[in-house]
Amino acid sequence: WAPCPKVRRMLTSVSNGPGREIGVFGGTFDPPHVGHLAIALDVRHVLGLDEVWFVVAGDPWQKSGERSITPASIRLAMVEAAVGEVDGLQVSTLEIDRGGPSYTADTLTGLAAAYAADTFHLIIGSDAAVGLDTWHRPDVVAELAKLVVVDRGGREGGRPPEGWSYELVDVPALEVSSSDLRRRVADGAPIRGLVSAGVADVIDAHDLYRESS
Ligand code: ATP
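What counts as what
- Residues numbered from 1 in each chain as written.
- Predicted model: local features only at pLDDT ≥ 70, side-chain atom pairs only at ≥ 80, totals over all residues.
- Heavy atoms only, no water.
- Pairing = 2+ DSSP bridges.
- Helix = DSSP H or I, 4+ residues; strand = E, 2+ residues; numbered from the N terminus.
- Axes fitted to C-alpha atoms, helices over the stretch in contact; angles between N-to-C directions.
- Contact = heavy atoms within 4.5 Å.
- Near = heavy atom within 4 Å.
- Nonpolar A, V, L, I, M, F, W, Y, C, P; charged D, E, K, R; others polar.
- Salt bridge = Lys/Arg side-chain N within 4 Å of Asp/Glu carboxyl O.
- Buried < 20%, exposed > 50% of the residue type's maximum accessible area, 1.4 Å probe, protein only.

J.: With reference to specific residues and values, describe the sheet that holds strand E3 (residues 89–92).
T.: The strand order across the open sheet built from six strands is E3-E2-E1-E4-E5-E6, with neighbouring strands paired in parallel fashion. The two strands at the open ends of the sheet, each matched to only one other strand, are E3 and strand E6 (167–169). For this sheet the average axis-to-axis angle between neighbouring strands, irrespective of direction, equals 30°. Two elements, strand E1 (residues 21–27) and strand E2 (residues 51–56), share six bridges in a ladder whose sense is parallel. Counted as the bridge partner of Gly27 is Val56 from E2. Across the sheet, helix H2 (residues 34–47) touches E1, E2, E3, strand E4 (119–125), strand E5 (146–150) and E6, and the angle it forms with E2 is around 145°.

J.: An account of the side chain of Ser177 is requested, with residue identities and associated values reported.
T.: Mapped onto the elements of the fold, Ser177 is located in the loop between E6 and helix H8 (178–187). With residues up to four places along the chain from it excluded, the contact list for Ser177 reads His33, Arg152 and Arg155.

J.: An account of the environment of Asp118 is needed here, citing residue identities and associated values.
T.: Within the secondary structure layout, Asp118 lies in the loop between helix H5 (104–114) and E4. A sequence separation of 97 residues divides Asp118 from Glu21, and the C-alpha atoms of the two residues are 6.0 Å apart.

J.: Give a detailed account of the site of the ligand, specifying residues and quantitative values.
T.: The ligand sits among 23 residues. The nearest are Lys63, Asp127, Arg152, Arg155 and Ser179. By residue class, the composition of the shell around the ligand is eight nonpolar, nine polar and six charged.

J.: Could you give me a rundown of the pattern of salt bridges, with the residues and numbers involved?
T.: With the rule as written, the count across this model stands at ten salt bridges. Put simply, Arg137 and Asp139 hold a salt bridge, and the shortest N to O gap is 3.0 Å. A salt bridge links Asp151 to Arg159; its shortest N-O distance comes to 2.9 Å. In this structure Arg159 comes out as partly exposed when scored by relative accessible area, which is 33%. Three or more residues joined by partner-sharing salt bridges are found here, namely Arg192, Asp201, Asp204, Asp207 and Arg210.

This is the structure in structure tokens:
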């Protein structure tokens, strides 16, 4: 794929550093919020990961049937604004560039092939963890990454289905979600403080979420 300049820098640095521990944090990020940032930073700290990569879903196939999703290029701009220059966090356009449904199995297959020396830790919230068996090729996901589960406040969640090995990382419970933020914008409620200033600017500039879906 053709990575953007920032991602290109990231790939160059990774290929020079074999044997790294990388967190893979996939999401729709519509929009990215403080919960995402806090989780990524905390998991990185607790597990001593070298970096956490925010992988922006090009086509979040399990969500796109339910509501209209903000175009990937705008969600990418928001994630880049959120992650900014935060130490240890990077943005990956892998799934956007690949096109088609954003299957984590394909993403991990690509990463494992490109960075065979590195170990990948797939970070997911407990609400996503319960549905792991419904993902495309869950066997590949289980084989190619170590699973890291974090609890999330304010949303029912659980644990991965039987048979999955995982590590539970205790993170601060932050009751914030993208769906609540979209609702807040539609209701005219403030979101600054719950998203980075740069993210709020992108939302304003593109007039996102004015109508509740
Ligand atoms: P939505 O409300 O639209 O479903 P979301 O807030 O869950 O969106 P996603 O981009 O779908 O955001 O989430 C990406 C990942 O981050 C998922 O694994 C999700 O479980 C996790 N996550 C999101 N918000 C939190 C939170 N507040 N605490 C813990 N995990 C979270």
